[in-house]
Amino acid sequence: MKKVTYLMSVLMVALIAFTSCAKSTPESVTESFLKSYQNGDYAALVEQAHFTQPLTDEQKAEFTQMIEAKGSAEVEKKQGIASYEVGEVVMAEDGQSAKVNYTITFGDGTTRTDKQSVVLVDGKWMIDGGK
């Protein structure tokens with residue numbers, strides 16, 4: 001019985017540690033977004049976004065194709081994404097949205113600094129997809 005109690009205690013501590021490490025933050029969702037962009041996973045970009053009006057599967061597919069056409073052309077022209085860095089987070093006063101600064105370094109050595117809008121939806125930070 002003592003072994004079972006000990007094992008349950010260890011599992012509970014591990015579960016708490018795991019869930020605290022997986023906390024959603026404006027930085028983490030922006031980093032995940034940039035990693036998907038770097039890997040050319042445009043479907044994942046769309047899945048990480050929150051839209052004011054839910055998209056149908058067909059709309060998601062069309063949106064994915066649109067951003068892939070635009071995004072892949074830029075990345076290919078600049079010889080891929082060598083790295084990215086998430087910077088300062090500017091939180092809205094209500095705590096429900098933020099702008100996350102980031103810098104992308106392309107394979108040709110050029111950089112692009114920009115901001116990503118993120119929103120808090122049901123306790124989870126997501127990329128602000130707008131409409």
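Going by the structure above, here's the rest.
Reading the values: rules and limits
Residues numbered from 1 in each chain as written. Predicted model: local features only at pLDDT ≥ 70, side-chain atom pairs only at ≥ 80, totals over all residues. Heavy atoms only, no water. Pairing = 2+ DSSP bridges. Helix = DSSP H or I, 4+ residues; strand = E, 2+ residues; numbered from the N terminus. Expected span 1.5 Å × (residues − 1). Buried < 20%, exposed > 50% of the residue type's maximum accessible area, 1.4 Å probe, protein only. Arc of directions from axis to C-beta. Contact = heavy atoms within 4.5 Å. Salt bridge = Lys/Arg side-chain N within 4 Å of Asp/Glu carboxyl O.

Q: Explain the pairing of strand E4 (residues 111-121) residue by residue, including any values.
A: On any regular strand, side chains alternate: one points to one face of the sheet, the next to the other face. Bridge analysis of strand E3 (residues 97-106) against E4 gives nine bridges, and the strand direction is antiparallel. Paired with asparagine 101 across the bridge in E4 is lysine 115. Following E3, the chain reverses through four residues before pairing antiparallel with E4; glycine 109 in that reversal takes a positive phi of roughly 95°. Of the pairings in the sheet, the one linking E4 to strand E5 (residues 124-130) comprises four bridges and is antiparallel in character. Following the sheet pairing, valine 118 is matched in E5 by isoleucine 127.

Q: Quick rundown of helix H2 (residues 26-39)? Include the residues and the values.
A: Given a rise of 1.5 Å per residue, 14 residues ought to cover 20 Å, and the 20 Å separating the end C-alpha atoms of H2 matches this to within 8%. Residues of H2 that are buried: Pro26, Val29, Thr30, Phe33, Leu34, Ser36 and Tyr37. Viewed end-on, H2 has its buried residues packed into an arc of 155°, placing them on one side of the element. Lining the buried residues of H2 we find helix H3 (42-47), helix H4 (57-77), strand E2 (81-91), E3, E4 and E5. At the C-terminal side of H2, glycine 40 shows a positive phi close to 70°.

Q: Can you tell me about the pattern of salt bridges, naming the residues and giving the values?
A: A full pass over the atoms with the stated rule returns two salt bridges. Note that glutamate 47 and lysine 60 form a salt bridge whose closest N and O atoms lie 3.6 Å from each other. Here glutamate 47, found in helix H3, pairs with lysine 60, found in helix H4; they are 13 residues apart in sequence, far enough to count as distant. For arginine 112, the salt bridge goes to glutamate 74, with nearest N and O atoms at 2.7 Å. Within this pair, whereas arginine 112 is found in strand E4, its partner glutamate 74 is found in helix H4, the two being separated by 38 residues in sequence. Looking at glutamate 74, the relative accessible area reads 22%, which means it is partly exposed.

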